[in-house]
Structure formats: structure tokens, C-alpha cells
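For reference, the chains in residue letters:
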Amino acid sequence: MQSHQREFLELALRLGVLRFGRYTLKSGRESPYFFNAGLFDTGAAIAGLGRAYAAALSASTLRYDMLFGPAYKGIPLVTATAAALAERHDRDVPYAFNRKEAKDHGEGGRIVGRALAGRVLIVDDVITAGTAIRESIDLIRATGATPAGVLLALDREERGRDSQRSAVEEVRAEFGLPVVSIISLTDLIGGLEQGLGGVPAGALEDLRAYRARYGSTAAGGVT
């Protein structure tokens, strides 16, 4: 586990962003953990999250010219990531986000920030159904720009109800785009195996069992 991944996990645990217990997901599955990026809700917290995104991106081989955050969750994420790239990695890149509805006065349009151009990297928290990512890809292509990939906080590595592939794998397969995450379910399990603090007893075994039952083939789930 890289240092930025461990720092991210420790921050998520301390803030209650990452919790362990019994949680019923929208899919109806009962998960032994829950991740809520909306709880990065202070200046220090969002700054820490931005540093983690920037570190994961800098450690990757993704090529990009600018960043894009899908409304609404992606707005603070893309802003924090752009700031951390400039401050920590000497990479000053433009960024933008969209409005849910086009503005019909002033400058108008749906895009706030830099006009979409070149290779545009999408920044989001997780991919569940993939709807926001698909809409972002369509929006980027409609401007003549090129989707460069997706940057996530967490890859749940969990297969869909009607597929052996995870939502991340579906995006890779459907659009041919690279997807980079700060951590994955495999990384989370690895962190617990290495003695990550603040975790209730039994959480590691529960995570292993969940991955075995619902994990995508790539994550070591059932086939």
C-alpha cells in the first residue's frame, strides 16, 4: 500500500467517511462497509481528499490536459484535486464542472470554468450505475473534446446484478477508458491485513466474505 492510500484510509476512518457494520445498499445487498464522500465536509478534510486524488493521479500514467467534475458531487472533488496538483505536484491544470440545467442569462451554457478542450479527465467519488460517467462522456464529446479517463476515490470492485463485471470494468469495456482510483476494495482489505487502526473486530473477515460473494472476477469474487 502506498503512503497516500494509507493516509487516505486513515482520514476516511477518522471522519466517519468509511464505516463498518451492516448497510443495505441501493442494490439490495447488505454490505459490511459504507463509504460516504459527502462527509469530507470541512476545509481540512476536502484538502486532504484533494491531496489523495492528486497523489493517485500523479502515480498513474494517465495523460490529460484538464479536469472535469460532474455536478454535483464532482464539483468540490475536481476543485480540490486541481488545487492539490498545483500545490503538491507542480501541475497547474484547468478544470471545469457542469450545471444540471443550462443557464439562460449572463454567460449562459452548462459549463463553469475552463471550456472543455483536449484530453479531459473526469473526477468522481465512486461509480455505481455509471450514469454520471456516461453523461459526462457524452458532454465532453459534444464539445469536441476527448475523454481521457476517470479518477475515483473508491473502486468497490463489485459486480453488477446482471453482470460478472464491476461498474468500473463496464466503463473500461464500453468506452475504452482507463480508470484510476485512490483505493479499491482489494486495497482496503490489504490495509486491514496490515493492521489499519480504528477498525472493529471482524471487519476483515466480513470484507473478505463480501468480496468472495459479490466481487467482480478481477477482484477475486465468484465466477
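Residues numbered from 1 in each chain as written. Predicted model: local features only at pLDDT ≥ 70, side-chain atom pairs only at ≥ 80, totals over all residues. Heavy atoms only, no water.

Draft legend 1. Layout of the packing of aromatic side chains. Taken as a whole and judged by the stated rule, the model has four aromatic pairs. Arranged with centres 6.2 Å apart and planes meeting at 45°, the rings of Phe 8 and Phe 35 form a pair that is tilted. With Phe 8 in helix 1 (residues 3–15) and Phe 35 in strand 2 (residues 30–35), this pair connects stretches of sequence that are 27 residues apart. Comparing Phe 8 with Phe 35 shows no difference in burial state: the two are buried. Positioned above the aromatic ring of Tyr 64, the side-chain terminus of Arg 91 is 4.3 Å from the ring centre. (Phe/Tyr/Trp six-rings, centres within 6.5 Å; stacked < 30°, edge-to-face > 60°. Helix = DSSP H or I, 4+ residues; strand = E, 2+ residues; numbered from the N terminus. Buried < 20%, exposed > 50% of the residue type's maximum accessible area, 1.4 Å probe, protein only. Lys NZ or Arg CZ within 6 Å of the ring centre and 35° of its normal.)

Draft legend 2. Local environment of the packing of helix 2 (residues 43–59) against helix 3 (residues 74–89). At a minimum axis distance of 7 Å, the contact between helix 2 and helix 3 shows a crossing angle of 65°. Judged by the angle between their axes, helix 2 and helix 3 are roughly perpendicular. Helix 3 is crossed by helix 2, and the crossing has right-handed handedness. Residues Ile 46, Leu 49, Gly 50, Arg 51, Tyr 53, Ala 54, Ala 55, Leu 57 and Ser 58 of helix 2 form the contact with helix 3, whose participating residues are Pro 76, Leu 77, Ala 80, Thr 81, Ala 84, Leu 85, Arg 88 and His 89. (Axes fitted to C-alpha atoms, helices over the stretch in contact; angles between N-to-C directions. Parallel < 35°, antiparallel > 145°, perpendicular 65-115°, else oblique. Left-handed = near helix turned anticlockwise from the far one by under 90°. Contact = heavy atoms within 4.5 Å.)

Draft legend 3. Geometry of the pattern of salt bridges. One pass over the structure, following the stated rule, counts ten salt bridges. Residue Asp 206 pairs with Arg 22 through a salt bridge whose shortest N-O separation is 3.5 Å. Of the two residues, Asp 206 is situated in helix 7 (residues 203–214) and Arg 22 in strand 1 (residues 18–24); the sequence distance between them amounts to 184 residues. Ionic pairing is found between Glu 205 and Arg 208, a salt bridge with its closest N-O pair at 2.5 Å. Highlighted residues: Glu 205 and Arg 208, both in helix 7, separated by three residues, approximately one helical turn. One network of salt bridges, with partners in common, ties together Arg 22, Glu 30 and Asp 206. (Salt bridge = Lys/Arg side-chain N within 4 Å of Asp/Glu carboxyl O.)

Draft legend 4. Spatial organisation of unusual backbone geometry. Ala 71 connects to Tyr 72 through a cis peptide bond whose omega is 0°. Note that Tyr 72 resides in the loop between strand 3 (66–69) and helix 3. Even without glycine at this site, Asp 90 takes up a positive phi of about 55°. Tracing the backbone shows Asp 90 in the loop between helix 3 and strand 4 (95–103). Asp 90 gets classed as exposed once you look at its relative accessible area, which sits at 73%. Phi is positive for Glu 157, which is not a glycine, with a value near 50°. Assignment of secondary structure puts Glu 157 in the loop between strand 7 (146–155) and helix 5 (167–175).

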